Amino acid sequence: MANRAVALRAAQAALAAEHAAVYGYGVVGGRIGDDRLAEAREGYAAHRARRDELVRTVRGLGGTPQSAAPAYALPFAVPDAPAAVRLAAELENRVAAVYSDLVRASDGSLRRQAAGALREAAVRAVRWRGGGVAFPGLTEHAAPAAPASASGGSDAL
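Because the structure is a prediction, the values reported are computed rather than measured.

A. Geometry of the overall build of the chain. Looking only at helices and strands, the chain features 4 helices and 2 strands. Across the chain, helices and strands are ordered from the amino to the carboxyl terminus as α-α-β-α-α-β. Counting the 157 residues in the chain, one finds 46% classified as buried. Residue pairs at least 24 apart in sequence account for 80% of intrachain contacts in the chain once pairs closer than 6 positions are excluded. When the accessible surface of the chain is totalled, it reaches about 7,900 Å², and 54% of it is carbon and sulfur.

Right, here's the structure in full:
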């Protein structure tokens, strides 16, 4: 395995992102229109499954999986369905970024799993946004996010 400590830190970061995505998809599901509700439910289920997989991965690397925060600050207000769509795309971009780091920090089966998760997040982001980016998971190549607006909670999505 590549440096185990580096891989563990990257796996913990991916786990934190998955916790935030699960929370965020709860918000998305509450605001999304009926026409995209099934898509939101699929995203929620996918992130729960990845979260559970990462809990096992962190333990396998000798770490103690971090718990979800009680709440997360949203990157912007989500008062309606269009904002929920933007939030879902932002969640996927952020998840893709941490999986990109995990791909770099790992090898073997963990790298393959991380690459698969990166690909899935990039595909979901494209579906939510209606278009793609050249380098999914690399924030320096992504479009800037909408202005932030704190909505309480101790952690940011």
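B. Broad picture of the packing of helix H2 (residues 37-60) against helix H3 (residues 81-105). Two elements in contact, H2 and H3, have axes whose closest approach is 13 Å; the angle formed by their N-to-C orientations is 25 degrees. One element, H2, and the other, H3, form an angle in the roughly parallel class. For the pair H2 and H3, the sense of crossing is left-handed. Of the residues in H3, those in contact with His47, Arg50 and Leu54 of H2 are Glu92, Val95, Tyr99 and Leu102. Residues belonging to the contact of H2 with H3 are distributed by class as follows: 4 nonpolar, 1 polar and 2 charged.

C. Highlighting the environment of Ala71. Position of Ala71 among the secondary structure elements: in the loop between H2 and strand S1 (72-73). Distance from Ala71 to Tyr23, taken between C-alpha atoms, is 7.6 Å for residues 48 residues apart in sequence.

D. Broad picture of the side chain of Arg124. Tracing the backbone through its elements, the reader meets Arg124 in helix H4 (residues 108-129). Residues contacting Arg124, with those up to four places away along its chain left out, are Tyr25, Gly43, Ala46, His47 and Glu92.

E. Region of interest: the environment of Ala10. Within the fold, Ala10 resides in helix H1 (residues 4-31). On a C-alpha basis, the gap between Ala10 and Ser106 in space is 8.4 Å, while along the polypeptide they are 96 residues apart. When residues no more than four places from it in sequence are discounted, the contact partners of Ala10 are Asp101, Leu102 and Ala105.

Rules of the game
- Residues numbered from 1 in each chain as written.
- Predicted model: local features only at pLDDT ≥ 70, side-chain atom pairs only at ≥ 80, totals over all residues.
- Heavy atoms only, no water.
- Helix = DSSP H or I, 4+ residues; strand = E, 2+ residues; numbered from the N terminus.
- Buried < 20%, exposed > 50% of the residue type's maximum accessible area, 1.4 Å probe, protein only.
- Contact = heavy atoms within 4.5 Å.
- Areas by Shrake-Rupley, 256 points an atom, 1.4 Å probe, with all protein chains shown as cover.
- Axes fitted to C-alpha atoms, helices over the stretch in contact; angles between N-to-C directions.
- Parallel < 35°, antiparallel > 145°, perpendicular 65-115°, else oblique.
- Left-handed = near helix turned anticlockwise from the far one by under 90°.
- Nonpolar A, V, L, I, M, F, W, Y, C, P; charged D, E, K, R; others polar.

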